[in-house]
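Coordinate analysis (summary)
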Amino acid sequence: MHASELVDLVNHRIGIAESTNSGPLVFLCWPKSASPTSIAWESTKNLPAESLALLADPMDSGATAVLTGPELADFSAWITALPR
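As a convention, each chain's residues are numbered from 1 in the sequence order in which they are written. Only residues with pLDDT of at least 70 get local features here, since the model is predicted, and only at 80 or more are side-chain atom pairs given and counted; chain-wide, interface and lining totals rely on the full set of residues. Heavy atoms throughout the structure, all of them, feed into the side-chain values; hydrogens and water do not.

1. Points about the sheet that holds strand 1 (residues 16-18)
For clarity, the threshold we go by: Two strands pair under a simple rule: DSSP has to find at least two bridges between them. Numbering of helices and strands runs from the N terminus, with a helix taken as a DSSP run of H or I at least four residues long and a strand as a DSSP run of E at least two residues long. Think of each axis as a best-fit line through the C-alpha atoms, taken over the contacting stretch in the case of a helix, with angles from 0 to 180 degrees between the N-to-C directions.
One open sheet accounts for four strands, arranged 1-2-3-4; its pairing is antiparallel. Sheet topology places strand 1 and strand 4 (65-67) at the edges, where each strand pairs with a single neighbour. Pairwise comparison of adjacent strand axes, ignoring direction, gives a mean angle of 15 degrees for this sheet. Pairing between strand 1 and strand 2 (residues 26-29): three bridges, direction antiparallel. Of the residues in strand 2, the one forming a bridge with Ile-16 is Cys-29.

2. Overview of unusual backbone geometry
Worth spelling out the cut-off: Exposed residues in this analysis have more than 50% of their type's maximum accessible area, buried residues have under 20%, and partly exposed residues fall in between, with area computed by a 1.4 Å probe over protein chains only.
At His-12, a residue that is not glycine, the phi angle is positive and equals roughly 65 degrees. Here His-12 shows up in the loop between helix 1 (3-10) and strand 1. A residue is classified by how much of its surface remains accessible, and His-12, at 39% relative accessible area, is partly exposed.

3. Let's talk about the nonpolar core
What counts is decided by this rule: We define a nonpolar core as any set of buried Ala, Val, Leu, Ile, Met, Phe, Trp, Tyr and Cys residues linked to one another through side-chain atoms lying within 4.5 Å. By definition, residues are in contact when any of their heavy atoms lie within 4.5 Å.
Counting residues in each nonpolar core, the largest one holds eleven residues, listed as Leu-6, Val-7, Leu-9, Val-10, Ala-17, Leu-28, Trp-30, Leu-52, Leu-72, Phe-75 and Ile-79. Secondary-structure elements contributing two or more residues to this core are helix 1 and helix 3 (69-81). Per-element tally for this core: the top contributor is helix 1, with four residues. When near neighbours in sequence (up to four residues on either side) are disregarded, Ala-17 contacts Met-1, Glu-5, Leu-6, Leu-9, Val-26, Phe-27 and Leu-28. Counting six residues, the second largest nonpolar core, distinct from the first, contains Cys-29, Ala-34, Ala-40 and Leu-55.

4. Quick look at the side chain of Ser-51
Selection rule: In protein, a polar contact requires one atom able to donate a hydrogen and another able to accept it; more generally it is a pair of N or O atoms within 3.5 Å, and residues adjacent in sequence count only if both atoms are side-chain atoms.
Position of Ser-51 relative to the elements: it lies in the loop between helix 2 (39-44) and strand 3 (52-56). Here the side chain of Ser-51 touches Pro-48 through a polar contact of 2.5 Å, landing on its backbone oxygen.

5. Some points on helix 1
Because an α-helix packs 3.6 residues into every turn, residues spaced three or four apart end up facing the same way. Using the following cut-off: Note that the arc is computed from the directions linking the helix axis to the C-beta atoms.
Within the span of helix 1, buried status applies to Leu-6, Val-7, Leu-9 and Val-10. The buried residues of helix 1 occupy an angular sector of 160 degrees when projected down its axis, which confines them to one face. Two residues or fewer past helix 1, His-12 is found with a positive phi of approximately 65 degrees.

6. What to know about the environment of Glu-5
Assignment of secondary structure puts Glu-5 in helix 1. For the pair Glu-5 and Glu-18, spaced 13 residues apart in sequence, the C-alpha separation works out to 8.9 Å. Other than its neighbours up to four places away in sequence, Glu-5 contacts Ile-14, Ile-16, Ala-17 and Glu-18.

Shown next, in the form of structure tokens:
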């Protein structure tokens, strides 16, 4: 994932950020951003709206990690401070 894309994500300018390399597919997303027809929605539909979910292959096993509250605030501050 590109730092600029992560900054857009934590600032709610985009709803989903996707991995960019040839490794396993990974997403960071806000639960409300997933389409009801996607596997991401199945993994995030019961999460708090103001949480950030990490989804990795295989996506049918649910979120790998969920950030909320102070953890989400710390992550957002860290992402915003990254050089771009």
